[in-house]
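Here's the letter readout for the chains.
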Amino acid sequence: MTQRDESARPSVSPAAPSPAWDARSETQITLRSPGELADALPYLMGFHPTDSVVLLALHGERGRFGGRLRLGIPRNSEEWPEVSDQLAETLVAGCVKRGARPDGIVLFLCHDPRTGESGREVMERLRPLAQSLRLACGGLDVPVYEALCLSDGRFWSYCCPDERCCPAEGTLLALPGTSVMAAAAAYAGIQVRGTLREMEARYAPLEGERGREQESALDAAAADLIPRILGGTDGEMLRRETLDLADLVVERFRVAPPLAAPPEADARDDALLACDEAAAIILGLQDRVTRDRAAEWMEGPRAPAVLRLWRALARRCVPPYTEHAAAPLTLAGWVAWSMGDHPDARVALSQALTADPEYLFAQLLHRACNDGMDPEPLRRCLRGERRGRAEPPAAVTGTDTRTDAGVITRGTKGADEPGEVRDAIRDGDPEGVPGGIPQEVGPAGPDSVVPAAGAASPGRAAPPGPGARARRPE
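To keep things clear, this report deals only with the structure shown in the data block. None of these values were measured; they are calculated from a predicted model.

Another aspect to go through is the overall build of the protein chain. What the protein chain contains, in helices and strands, is 20 helices and seven strands. Contacts spanning at least 24 positions in sequence make up 78% of the contacts within the protein chain whose residues lie at least 6 apart. Accessible surface computed for the protein chain: about 19800 Å², of which carbon and sulfur atoms make up 53%.

In structure tokens, the structure reads:
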């Protein structure tokens, strides 16, 4: 599988109720039609999934939503059967691991039309993928109750043959904010943050003249740092310089007036960060010890400004320094996860693994976040590291003064992540998550309806279509 979309890294989402929904009580929603399912998808995921396969697990007679999984649609159609098997196995295994094998699945294919292509043509082009997924799920004795294609503002059902409710030209999606789910989400204080593509764009490298300026600054910073390292400069001094500079920029971001719109907010942050500052911090973060100390900035009133800094630094990792983005992207994912923003955390960690698939810290965090683990064990570990450095004996024995000049040009793979970090992530308790099934930040939880602690139920959307229980392809 070599020609997959850059956003195609799997994201399995836990099914604990969102804190925002917990703040309300007795709010219940039942979804009874394909149209209501299609309208609810962004609220179930926390964003509009673009160019994505989404599988949602159903449990019990009323079909309460549980685990969910998203993957970018593979560009090569020859990969579709293999990918379908992997997706079905991953979702079912994740639900079984948490004690609740799914009774059914709802499938979504979300894809924008190509130039000159209509939404209906997208639906027909993706029909073999929908069938492969239905066969794969049926092979595991988990029927696909509904399979929908969302494209160009319309939806089509691959399961329902009745043109009275599912016409050949498709059905218009509800206007944003007008569906039943939208009303419930507004009541619970939950917002959909835009499309997946828009979320990924917040981490994309700068282009044009600004990108060239940043490349020159990175070249100059590397030329300055390597002689210092080779000349025997204490690595601890470089770490202090990096973190002091990062702290200065965080404070600059913190006192700037907030902006609501992400594009404007990111542009303002870019204007507040000089190219030479960004270059020095980016290269400094390639040192694992520096990065781990930066990871300690994961909570408190400054955490939103810290997240903005890591985002801004990821945008400054322009070619040929794109691999260096793994460090700030991983830090962004960690802070977002620590703050409870699971969708943004998964996007950032997925982007980190795109920048460097072997970056172990990103691998560990991505898996832990997807498994629904509590970030508190890792927070405790990092707090302990910070307290330990405040004690002179621990600071002396725990200081690693080595810095490899190679990290300036290569980046670090993170192959030697400290054992305490691995243990903290490993020891997170996914079974302690209410409901026990993975979920996105959104109105889905363990009950048959969406509430405070509930989940949307699809009702009886549609019977299993052809092939739902067919033999799994070899």
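On we go.
This paragraph deals with helix H3 (residues 80–97). Taking 1.5 Å of rise per residue, the 18 residues of H3 would be expected to cover 26 Å, and the 25 Å separating its terminal C-alpha atoms lies within 8% of that figure. Listing the buried residues of H3 in full gives Trp-80, Val-83, Ser-84, Asp-85, Leu-87, Ala-88, Leu-91, Val-92, Gly-94 and Cys-95. For H3, the elements touching its buried residues are strand E2 (52–59), strand E3 (64–72), strand E4 (104–110), helix H4 (119–125) and helix H5 (127–139). Directly beyond the C-terminal end of H3, a positive phi value near 85° is found at Gly-99.

Relative to the helices and strands, Arg-125 resides in helix H4. For Arg-125, a relative accessible area of 22% gives the class partly exposed. Counting along the chain gives 48 residues from Arg-125 to Ser-77, while the straight-line C-alpha distance between them is 9.7 Å. Setting aside residues up to four positions removed in sequence, Arg-125 forms contacts with Trp-80, His-111, Arg-114 and Glu-117.

Direction vectors running N to C along helix H13 (residues 303–315) and helix H14 (residues 326–338) enclose 155°, while the axes themselves pass 8 Å from each other. The orientation of H13 relative to H14 falls into the category roughly antiparallel. By crossing handedness, the relation of H13 to H14 is classed as left-handed. For the pair formed by H13 and H14, the contact residues are Ala-303, Val-306, Leu-307, Trp-310, Leu-313 and Ala-314 on the first element and Pro-328, Leu-329, Leu-331, Ala-332, Val-335 and Ala-336 on the second. Grouping the amino acids of the contact of H13 with H14 by side-chain chemistry returns twelve nonpolar, no polar and no charged.

What follows is about the pairing of strand E5 (residues 144–151). Among the eight residues in E5, seven count as buried, and that is most of the element. Pairing between E4 and E5: six bridges, direction parallel. What sits directly across from Ile-105, in E5, is Val-144. Counting the residues that bridge the hairpin from E5 to strand E6 (residues 154–157) gives two residues, and of these Asp-152 lies at a positive phi of roughly 55°.

So, about the pairing of E4. E4 sits mainly inside the fold: seven of its seven residues count as buried. Residues Gly-104, Val-106, Phe-108 and Cys-110 of E4 are buried on one face, and the alternating residues Ile-105, Leu-107 and Leu-109, pointing to the opposite face, are buried as well. Relative to E4, E2 is paired through seven bridges, and the arrangement is antiparallel. Counterpart to Ser-52 in the pairing with E4 is Cys-110.

Let's shift gears to the side chain of Asp-270. Within the secondary structure, Asp-270 is located in helix H10 (residues 262–272). Given a relative accessible area of 6%, Asp-270 falls into the buried group.

What follows concerns unusual backbone geometry. Here the amide bond leading from Pro-319 into Pro-320 is cis, since omega sits at 5°, within 30 degrees of zero. Within the secondary structure layout, Pro-320 lies in the loop between H13 and H14. In this structure, Asp-51 takes a positive phi of about 50° despite not being glycine. Relative to the elements of secondary structure, Asp-51 occurs in the loop between helix H2 (34–45) and E2. In this structure Asp-51 comes out as buried when scored by relative accessible area, which is 15%.

What follows is about the nonpolar core. Counting 85 residues, the largest nonpolar core has Leu-56, Phe-108, Trp-310, Leu-313 and Trp-334 as the members making the most contacts within it. Among residues more than four places away in sequence, those in contact with Trp-334 are Ala-295, Met-298, Leu-365, Pro-375, Leu-378, Arg-379 and Leu-382.

To continue, consider helix H17 (residues 376–390). With 15 residues, H17 extends 21 Å from end C-alpha to end C-alpha; this agrees with the ideal 21 Å at 1.5 Å per step. Looking at H17, one finds that the buried residues are Glu-376, Pro-377, Leu-378, Arg-379, Cys-381, Leu-382, Arg-383 and Gly-388.

What follows covers the packing of helix H8 (residues 208–230) against helix H9 (residues 235–255). For the pair H8 and H9, interaxial distance at closest approach is 10 Å and the crossing angle is 150°. Taken together, the axes of H8 and H9 are roughly antiparallel relative to one another. Touching Leu-225, Arg-228 and Ile-229 of H8 are Met-237, Leu-238 and Glu-241, all from H9. The class makeup of the residues in the contact of H8 with H9 is four nonpolar, no polar and two charged.

Along the chain, Leu-107 turns up in strand E4. By relative accessible area, Leu-107 is classed as buried at 1%. In contact with Leu-107, not counting residues within four places along its chain, are Val-53, Val-54, Leu-55, Ala-130, Leu-133, Arg-134, Val-144, Glu-146, Ala-147 and Leu-148.

Under the counting rule described, the total for this entry stands at two aromatic pairs. Note on Trp-297 and Trp-310: the rings are 6.2 Å apart at their centroids and 15° apart in plane angle, and the pair reads as stacked. Placement of Trp-297 in the loop between helix H12 (288–294) and H13 and of Trp-310 in helix H13 is noted, with a sequence separation of 13 residues between them. With respect to burial, Trp-297 and Trp-310 carry one shared label: buried. Relative to Trp-337, the ring of Trp-334 has its centre 5.8 Å away and its plane inclined at 75°; by these criteria the two rings are edge-to-face. One end of the pair, Trp-334, and the other, Trp-337, are both in helix H14, three residues apart, so they sit about a helical turn from each other. The class of Trp-337 is buried, set by a relative accessible area of 3%.

Turning our attention to the pattern of salt bridges. What the rule picks out here adds up to 29 salt bridges. Salt-bridge contacts for Asp-112 lead to Arg-197; the nearest nitrogen and oxygen are separated by 3.1 Å. Residue Asp-112 is located in the loop between E4 and H4, and its partner Arg-197 is located in helix H7 (residues 196–201); the two are separated by 85 residues in the primary sequence. Relative accessible area serves as the criterion here: at 39%, Arg-197 is assigned to the partly exposed category. Salt-bridge contacts for Arg-254 lead to Glu-251; the nearest nitrogen and oxygen are separated by 2.6 Å. A residue pair is termed a helical-turn pair when its members lie 3 or 4 positions apart in one helix, as Arg-254 and Glu-251 do in helix H9 at three residues. Overlapping salt bridges bring together Arg-202, Arg-210, Asp-266, Asp-270 and Arg-315 as one network.

Analysis parameters
- Each chain has its residues counted from 1, following the order in which its sequence is written.
- Whole-chain, interface and lining totals are the exception, using all residues; otherwise, since this is a predicted model, local features are given only for residues with pLDDT of at least 70 and side-chain atom pairs are given and counted only at 80 or more.
- In computing side-chain values, all of the structure's heavy atoms are included and hydrogens and water are not.
- Secondary structure elements follow DSSP: runs of H or I of four or more residues count as helices, runs of E of two or more count as strands, with numbering from the N terminus.
- Any two residues whose heavy atoms approach within 4.5 Å at even a single point are treated as in contact.
- Only the protein chains shown count as cover for residues, and all accessible areas are computed by the Shrake-Rupley method using a 1.4 Å probe.
- By definition here, a helix of n residues has an expected span of 1.5 Å times n minus one.
- Using a 1.4 Å probe on the protein chains alone, a residue whose accessible area is under 20% of its type maximum counts as buried, one over 50% counts as exposed, and one in between counts as partly exposed.
- To define axes, lines are fitted to C-alpha atoms, for helices over the stretch in contact only, and angles between the resulting N-to-C directions are given on a 0 to 180 degree scale.
- In these notes the angle categories are as follows: under 35 degrees is roughly parallel, over 145 is roughly antiparallel, 65 to 115 is roughly perpendicular, and the rest is oblique.
- We call a crossing left-handed when the near helix sits turned anticlockwise from the far one by less than a right angle, and right-handed when that turn is clockwise.
- Gly is placed with the polar residues, together with every amino acid not listed as nonpolar (Ala, Val, Leu, Ile, Met, Phe, Trp, Tyr, Cys and Pro) or charged (Asp, Glu, Lys and Arg).
- For two strands to count as paired, DSSP must find a minimum of two bridges between them.
- Residues grouped as a nonpolar core are buried Ala, Val, Leu, Ile, Met, Phe, Trp, Tyr and Cys residues, joined through side-chain atoms within 4.5 Å.
- Ring pairs shown here join Phe, Tyr and Trp side chains whose ring centres sit within 6.5 Å, with only the six-membered ring taken for Trp; geometry is labelled stacked below 30 degrees between planes, edge-to-face above 60, and tilted in between.
- In what follows, salt bridge is the name for a side-chain nitrogen of Lys or Arg lying within 4 Å of a carboxyl oxygen of Asp or Glu.

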